[in-house]
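Inside the fold
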Amino acid sequence: MTLTVPLRPADRSPRRGRTARALTTALSVLALAGCALMEPVDTSAIEANEVDPDARVIRFAHPYEPTHPVQTCGVATLTEELADDGIVIESYPSAQIGSEAETTEQVATGGLELAVVGPSFLGVWYKDAEVLDGAYIFTSVDQFDEATTGPILAELYDEVAEETGLRVTSTWYYGTRHMTSNVPITTPEDLQGLKIRTPDAPLYLTNFAIMGGNATPMALSEAYLGLQQGAIDAQENPIPTIAAQNFQEVQEYINLTAHSVQGIHILASDQFVNEALSDEERTAFEAALEDARVATRDCIVEQEEAILAEWEAEGAITINDEVDVDAFQQQIADELPNQVPWGDLYLEIQESVQ
């Protein structure tokens with residue numbers, strides 16, 4: 001069984017010039033975080049550990065549980081690789097010091113060195129950055145790797161840094177998103193009338209409206225009960241997240257739609273990377289980030305394959321691998337580039353990895 005699906009060619013058009021769309025006030029960021037306007041972000045959870053007083057301490061915040069590969073493979077590798085360079089990584093998992101929106105604000109104001117932020121949340125600061133959450137921009141992890149380490153996105157990340165002061169230091173694979181449901185979802189017509197739980201970001205609503213579904217934003221922590229009680233009919237997530245949330249207990253099918261090969265950004269301030277770090281520290285930091293990127297990708301790919309095999313062997317959930325992915329892709333190709341301001345960039349990135 002393979003999770004890689006072919007990309008149907010789409011009509012290409014020249015890339016339009018992109019304009020700066022940075023948000024220079026905290027209004028949208030705090031609104032997305034659910035905070036009161038100008039309310040200071042609480043950083044009291046950040047405490048200095050007992051480390052060598054001469055060591056460079058880098059604090060790393062992310063929203064995932066301590067058992068998630070971002071922590072066990074990514075942060076662990078980063079910590080190990082930097083240990084001999086006099087750099088200590090202090091990790092704060094499980095959103096201890098705030099949501100993605102809040103920790104992004106902390107990075108921007110210098111209160112935190114590193115944070116994880118998804119493309120849609122970075123798009124609050126610079127609109128084109130949400131492009132990586134566009135449905136079917138990639139159809140394999142290899143395509144994702146090629147693009148996120150290539151020149152087009154390097155240029156985009158430079159634009160983000162220039163306009164916002166936020167520097168994407170690395171982009172890690174988070175997983176390939178699929179849909180679970182109580183009825184098989186094989187074609188776009190099967191989505192009609194289904195309420196699908198998604199994260200609360202506008203692009204998810206756009207993606208699923210084009211694909212034929214009714215996106216229903218809901219906190220991940222509420223989704224299990226929502227599925228159990230019928231408040232929602234389906235949800236979409238990477239396989240490791242589906243397993244961690246035990247959605248296979250309250251859903252009958254996992255439909256291998258592979259509608260998003262998704263990544264997360266490791267975010268720092270441009271000032272921290274280019275001014276606070278010495279040349280030697282920066283070289284070590286960048287090398288360690290690359291090792292951590294590869295380690296995280298390998299861990300998540302392994303988990304995806306192992307969990308799917310376990311479910312199949314145990315009959316925990318019916319695996320629908322007969323999804324007409326071409327039909328979903330074609331609907332996205334026909335409509336998404338015309339509904340978003342970064343449509344030409346989306347097409348350019350797709351074409352670069354064909």
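The structure displayed is predicted, hence computed values, not measured ones.

With that settled, consider the nonpolar core. Counting 55 residues, the largest nonpolar core has Val131, Phe138, Met211, Tyr346 and Ile349 as the members making the most contacts within it. Elements with a minimum of two residues in this core: β3 (114–117), α5 (141–148), α6 (151–164), β4 (166–181), α7 (202–211), β8 (253–269), α12 (325–339) and α13 (343–352). Ranked by the residues each element gives to this core, the list is headed by α6, at five residues. Discounting residues that sit within four places of it in the chain, Tyr346 has contacts with Val131, Gly134, Ala135, Tyr136, Ile137, Ile332, Leu336 and Pro337. Core analysis: the second largest hydrophobic core is formed by 24 residues, Phe60, Trp172, Phe285 and Ala288 among them.

The subject of this paragraph is the pattern of salt bridges. The full count for this structure, using the stated rule, is eleven salt bridges. Here Asp145 and Arg293 are joined by a salt bridge, their closest N and O atoms 3.1 Å apart. Linking Asp145 in helix α5 with Arg293 in helix α11 (residues 279–314), this pair joins segments that are 148 residues apart in sequence. For Asp145, a relative accessible area of 11% gives the class buried. Residue Glu236 is joined to Arg177 by a salt bridge in which the shortest nitrogen-to-oxygen separation is 2.7 Å. Of this pair, Glu236 sits in strand β7 (residues 234–238) while Arg177 is found in strand β4, placing the two residues 59 residues apart along the sequence. Beyond isolated ion pairs, a larger network of salt bridges with shared partners links Asp145, Glu290, Arg293, Arg297 and Asp298.

Parameters at a glance
- Residues numbered from 1 in each chain as written.
- Predicted model: local features only at pLDDT ≥ 70, side-chain atom pairs only at ≥ 80, totals over all residues.
- Heavy atoms only, no water.
- Core = buried A, V, L, I, M, F, W, Y, C linked by side-chain atoms within 4.5 Å.
- Buried < 20%, exposed > 50% of the residue type's maximum accessible area, 1.4 Å probe, protein only.
- Helix = DSSP H or I, 4+ residues; strand = E, 2+ residues; numbered from the N terminus.
- Contact = heavy atoms within 4.5 Å.
- Salt bridge = Lys/Arg side-chain N within 4 Å of Asp/Glu carboxyl O.

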